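# A structural walkthrough
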Amino acid sequence: MSEITRVPLQPVAKGSLAKVWLGVIVAVLVGIGLAWAARPVHFSEVRVIALKEGTGKSPTTSDVALINYVGRIASTGKEFDRGENAAMPLQGVIPGFAQGLQQMKVGGKYRLEIPAALAYGSQAMPGRDGSVAIPANSDLVFEVELIEFRSMAELQRQQAAMQALQQQMQARGAGGAAGGAAVDPAAAPVVPAN
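Read on for an overview of the structure. (Residues numbered from 1 in each chain as written. Predicted model: local features only at pLDDT ≥ 70, side-chain atom pairs only at ≥ 80, totals over all residues. Heavy atoms only, no water.)

## Thoughts on the nonpolar core
As a rule of thumb, nonpolar side chains are buried together in soluble globular proteins. Rules: Residues enter a nonpolar core if they are buried and are Ala, Val, Leu, Ile, Met, Phe, Trp, Tyr or Cys, with the set joined through side-chain atoms within 4.5 Å. Buried residues are those whose accessible area, probed at 1.4 Å on protein chains only, stays under 20% of the maximum for their type, while exposed residues exceed 50% and partly exposed ones sit between those limits. Runs of H or I in DSSP of at least four residues are treated as helices and runs of E of at least two as strands, each being numbered from the N terminus. Throughout, a residue-residue contact means that at least one pair of heavy atoms, one from each residue, lies within 4.5 Å.
The biggest cluster of nonpolar side chains holds 24 residues, and the ones touching the most others in it are I67, F97, L101, F142 and V144. Among the elements that make up this core, the one with the highest residue count is strand β7 (residues 140-151) (5 residues). Setting aside anything within four residues of it in sequence, one finds F97 in contact with I67, L112, I114, F142 and V144.

Now the structure itself:
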(Lines give C-alpha, C1' and ligand atoms only; values in the text may rest on other atoms or scores of the structure.)
Protein backbone atom coordinates (compact mmCIF):
# COMPACT_ATOMS: atom_id res chain seq x y z
CA MET A 1 0.00 0.00 0.00
CA SER A 2 1.27 3.42 -0.78
CA GLU A 3 1.25 6.24 1.60
CA ILE A 4 -0.19 9.63 0.75
CA THR A 5 2.27 12.43 1.04
CA ARG A 6 1.46 14.43 4.00
CA VAL A 7 1.91 18.18 4.11
CA PRO A 8 2.07 19.53 7.57
CA LEU A 9 -0.22 22.52 8.10
CA GLN A 10 1.45 25.56 9.46
CA PRO A 11 -0.42 27.56 12.02
CA VAL A 12 -1.74 30.94 10.85
CA ALA A 13 0.57 33.69 12.02
CA LYS A 14 -0.87 36.15 14.43
CA GLY A 15 -2.38 39.18 12.56
CA SER A 16 -2.21 37.64 9.05
CA LEU A 17 -5.96 37.01 8.95
CA ALA A 18 -6.51 40.71 9.61
CA LYS A 19 -4.13 41.53 6.75
CA VAL A 20 -6.09 39.30 4.36
CA TRP A 21 -9.37 41.01 5.30
CA LEU A 22 -7.74 44.43 5.00
CA GLY A 23 -6.54 43.48 1.49
CA VAL A 24 -10.05 42.39 0.51
CA ILE A 25 -11.53 45.66 1.80
CA VAL A 26 -8.91 47.74 -0.09
CA ALA A 27 -9.61 45.79 -3.32
CA VAL A 28 -13.36 46.39 -2.96
CA LEU A 29 -12.82 50.13 -2.33
CA VAL A 30 -10.54 50.42 -5.36
CA GLY A 31 -13.18 48.67 -7.49
CA ILE A 32 -15.89 51.03 -6.25
CA GLY A 33 -13.65 54.04 -6.95
CA LEU A 34 -12.92 52.90 -10.50
CA ALA A 35 -16.62 52.24 -11.17
CA TRP A 36 -17.52 55.69 -9.82
CA ALA A 37 -14.86 57.37 -11.99
CA ALA A 38 -16.06 55.55 -15.13
CA ARG A 39 -19.72 56.46 -14.64
CA PRO A 40 -21.35 58.63 -17.31
CA VAL A 41 -21.12 62.35 -16.68
CA HIS A 42 -24.47 64.09 -16.17
CA PHE A 43 -24.75 67.78 -15.48
CA SER A 44 -27.62 69.08 -13.38
CA GLU A 45 -27.28 72.76 -14.32
CA VAL A 46 -25.49 75.06 -16.72
CA ARG A 47 -21.94 75.76 -15.58
CA VAL A 48 -19.65 78.44 -16.98
CA ILE A 49 -15.98 78.04 -16.11
CA ALA A 50 -13.68 80.93 -17.03
CA LEU A 51 -10.53 79.76 -18.80
CA LYS A 52 -9.60 83.39 -19.51
CA GLU A 53 -11.73 86.08 -17.90
CA GLY A 54 -13.22 88.75 -20.16
CA THR A 55 -14.09 92.37 -19.36
CA GLY A 56 -17.10 94.64 -19.64
CA LYS A 57 -20.75 93.75 -19.95
CA SER A 58 -22.39 90.44 -20.80
CA PRO A 59 -24.87 89.82 -23.64
CA THR A 60 -28.61 89.67 -22.95
CA THR A 61 -31.34 87.60 -24.59
CA SER A 62 -31.98 90.38 -27.15
CA ASP A 63 -28.35 90.40 -28.34
CA VAL A 64 -26.37 88.66 -31.06
CA ALA A 65 -22.98 87.33 -29.97
CA LEU A 66 -19.94 86.91 -32.22
CA ILE A 67 -18.06 83.84 -30.99
CA ASN A 68 -15.49 81.16 -31.70
CA TYR A 69 -16.57 77.77 -30.34
CA VAL A 70 -16.02 74.03 -30.28
CA GLY A 71 -18.86 71.72 -29.20
CA ARG A 72 -18.29 68.24 -27.77
CA ILE A 73 -20.39 65.47 -26.24
CA ALA A 74 -19.58 65.41 -22.50
CA SER A 75 -19.52 61.62 -22.05
CA THR A 76 -17.22 60.82 -24.99
CA GLY A 77 -15.43 64.08 -25.80
CA LYS A 78 -16.41 63.64 -29.47
CA GLU A 79 -16.49 66.95 -31.36
CA PHE A 80 -19.80 67.56 -33.14
CA ASP A 81 -19.53 71.22 -34.19
CA ARG A 82 -17.04 74.06 -34.56
CA GLY A 83 -17.35 77.69 -35.64
CA GLU A 84 -15.19 80.79 -36.02
CA ASN A 85 -16.58 84.32 -36.03
CA ALA A 86 -20.05 82.80 -35.78
CA ALA A 87 -22.95 85.19 -35.15
CA MET A 88 -25.29 83.63 -32.58
CA PRO A 89 -28.59 85.33 -31.70
CA LEU A 90 -29.23 84.35 -28.07
CA GLN A 91 -32.91 83.84 -28.85
CA GLY A 92 -32.03 81.32 -31.57
CA VAL A 93 -29.82 78.86 -29.65
CA ILE A 94 -30.53 76.06 -27.17
CA PRO A 95 -31.56 77.35 -23.71
CA GLY A 96 -28.38 76.21 -21.95
CA PHE A 97 -26.17 77.96 -24.52
CA ALA A 98 -28.13 81.21 -24.14
CA GLN A 99 -27.87 80.99 -20.32
CA GLY A 100 -24.13 80.43 -20.57
CA LEU A 101 -23.50 83.29 -23.02
CA GLN A 102 -25.28 85.68 -20.64
CA GLN A 103 -22.60 84.90 -18.01
CA MET A 104 -19.65 85.61 -20.33
CA LYS A 105 -17.76 88.84 -20.93
CA VAL A 106 -16.12 90.12 -24.12
CA GLY A 107 -12.58 88.88 -24.71
CA GLY A 108 -13.01 85.92 -22.38
CA LYS A 109 -12.70 82.21 -23.12
CA TYR A 110 -14.97 79.84 -21.25
CA ARG A 111 -15.89 76.19 -20.77
CA LEU A 112 -19.67 75.83 -20.93
CA GLU A 113 -21.28 72.65 -19.54
CA ILE A 114 -24.92 72.12 -20.55
CA PRO A 115 -27.18 69.37 -19.20
CA ALA A 116 -29.21 67.40 -21.77
CA ALA A 117 -32.47 68.92 -20.48
CA LEU A 118 -31.23 72.39 -21.51
CA ALA A 119 -29.71 71.14 -24.78
CA TYR A 120 -31.62 68.81 -27.12
CA GLY A 121 -33.20 66.57 -24.45
CA SER A 122 -34.51 63.22 -25.70
CA GLN A 123 -34.15 64.29 -29.34
CA ALA A 124 -31.11 63.03 -31.26
CA MET A 125 -29.58 65.61 -33.63
CA PRO A 126 -28.40 64.54 -37.10
CA GLY A 127 -25.03 65.60 -38.47
CA ARG A 128 -24.29 67.04 -41.90
CA ASP A 129 -23.72 63.57 -43.32
CA GLY A 130 -27.03 62.22 -42.00
CA SER A 131 -25.54 60.22 -39.13
CA VAL A 132 -26.39 61.01 -35.50
CA ALA A 133 -24.10 63.86 -34.39
CA ILE A 134 -25.60 64.27 -30.91
CA PRO A 135 -27.26 61.22 -29.33
CA ALA A 136 -30.48 61.69 -27.35
CA ASN A 137 -30.08 62.77 -23.70
CA SER A 138 -26.49 63.96 -24.21
CA ASP A 139 -24.88 66.54 -21.96
CA LEU A 140 -22.78 68.98 -23.99
CA VAL A 141 -19.51 70.83 -23.40
CA PHE A 142 -18.45 73.90 -25.36
CA GLU A 143 -15.30 75.98 -25.38
CA VAL A 144 -16.48 79.48 -26.23
CA GLU A 145 -14.56 82.69 -26.90
CA LEU A 146 -16.83 85.76 -26.81
CA ILE A 147 -15.42 88.22 -29.36
CA GLU A 148 -18.18 90.84 -29.15
CA PHE A 149 -21.95 91.27 -29.06
CA ARG A 150 -24.51 93.74 -30.38
CA SER A 151 -28.19 94.26 -29.75
CA MET A 152 -30.57 92.92 -32.38
CA ALA A 153 -32.02 96.43 -32.83
CA GLU A 154 -28.54 97.89 -33.47
CA LEU A 155 -27.77 95.20 -36.06
CA GLN A 156 -31.09 95.83 -37.80
CA ARG A 157 -30.31 99.58 -37.97
CA GLN A 158 -26.86 98.86 -39.40
CA GLN A 159 -28.34 96.45 -41.94
CA ALA A 160 -30.96 99.03 -43.01
CA ALA A 161 -28.23 101.69 -43.39
CA MET A 162 -26.12 99.33 -45.51
CA GLN A 163 -29.08 98.50 -47.75
CA ALA A 164 -29.84 102.22 -48.20
CA LEU A 165 -26.19 102.88 -49.10
CA GLN A 166 -26.22 100.02 -51.64
CA GLN A 167 -29.40 101.38 -53.22
CA GLN A 168 -27.83 104.86 -53.49
CA MET A 169 -24.72 103.42 -55.12
CA GLN A 170 -26.81 101.39 -57.56
CA ALA A 171 -28.88 104.47 -58.41
CA ARG A 172 -25.73 106.49 -59.06
CA GLY A 173 -24.24 103.70 -61.16
CA ALA A 174 -27.42 103.38 -63.23
CA GLY A 175 -27.65 107.17 -63.75
CA GLY A 176 -24.00 107.43 -64.81
CA ALA A 177 -24.33 104.57 -67.28
CA ALA A 178 -27.52 105.96 -68.85
CA GLY A 179 -26.26 109.53 -69.22
CA GLY A 180 -22.70 108.66 -70.02
CA ALA A 181 -19.84 109.28 -67.68
CA ALA A 182 -18.11 112.63 -67.86
CA VAL A 183 -14.35 112.31 -68.15
CA ASP A 184 -12.19 114.81 -66.33
CA PRO A 185 -9.07 115.36 -68.51
CA ALA A 186 -7.04 116.32 -65.45
CA ALA A 187 -7.80 112.93 -63.89
CA ALA A 188 -6.67 110.96 -66.95
CA PRO A 189 -3.24 109.33 -66.69
CA VAL A 190 -0.41 111.07 -68.49
CA VAL A 191 1.31 108.93 -71.14
CA PRO A 192 4.71 110.18 -72.35
CA ALA A 193 4.97 110.78 -76.13
CA ASN A 194 7.64 108.88 -78.05
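## Brief notes about the sheet that holds strand β2 (residues 63-73)
Filter applied, for reference: Two strands form a pair only when DSSP identifies at least two bridges running between them. Here an axis means a line fitted to C-alpha atoms, over the contact stretch when the element is a helix, while the angle between two N-to-C directions is reported on a 0 to 180 degree scale.
The 5 strands lie next to each other as β1-β4-β7-β2-β3, forming an open sheet whose pairing is antiparallel. The open sheet has two free edges, formed respectively by β1 (47-52) and β3 (79-89), since each of these has just one partner strand. Averaged over all adjacent pairs, the angle separating strand axes in this sheet is 25 degrees, with direction ignored.

## As for the layout of surface pockets
This is how it is decided: Of the two site types, the cavity is a set of points on a 1 Å grid over the protein atoms alone where a 1.4 Å probe fits but cannot get out, and the pocket is an open set with protein on both sides within 12 Å along at least five of seven lines, each lined by residues with an atom within 4 Å of a point. Grid points are joined across faces, edges and corners, and a volume is the space filled by probe spheres set on the points.
Considering only enclosed or pocket space, the largest pocket measures out at about 420 Å³ in volume. Together, 21 residues line the largest pocket, and F80, D81, Y120, A133 and I134 are the ones closest to its centre. For the lining of the largest pocket, the elements supplying multiple residues, two or more each, are β3, β5 (125-126) and β6 (132-134). Counting residues per element, the lining of the largest pocket draws most heavily on β3, at 4 residues.

## A few points about the pairing of β2
Most of β2 is tucked away, with 8 of its 11 residues classed as buried. Of the pairings in the sheet, the one linking β2 to β7 comprises 11 bridges and is antiparallel in character. Residue D63 lies in a different strand from β7, and its bridge partner there is S151. Sheet topology places β2 next to β3; 8 bridges connect them, and they run antiparallel. The residue of β3 that forms the bridge with V64 is P89.

## A closer look at the packing of aromatic side chains
To keep things clear, this is the line we draw: Classification of ring pairs uses Phe, Tyr and Trp, with its six-membered ring standing for Trp, and accepts pairs whose centres are within 6.5 Å; under 30 degrees between planes counts as stacked, over 60 as edge-to-face, and the remaining range as tilted.
Counted according to the given criterion, the structure contains 3 aromatic pairs. Between Y69 and F142, the aromatic rings sit 6.4 Å apart at their centres with planes inclined by 55 degrees, giving tilted as the arrangement. One end of the pair, Y69, is in strand β2; the other, F142, is in strand β7, and 73 residues separate them in sequence. Judged on exposure class, the residue Y69 and its partner F142 are both buried. Taken together, a centroid distance of 4.9 Å and an interplanar angle of 75 degrees make the contact between F97 and F142 edge-to-face. Here F142 lies in strand β7 and F97 lies in helix α2 (residues 95-101), a separation of 45 residues in the sequence. Judged on exposure class, the residue F97 and its partner F142 are both buried. Pairwise contacts between aromatic rings join Y69, F80, F97 and F142 into one cluster.

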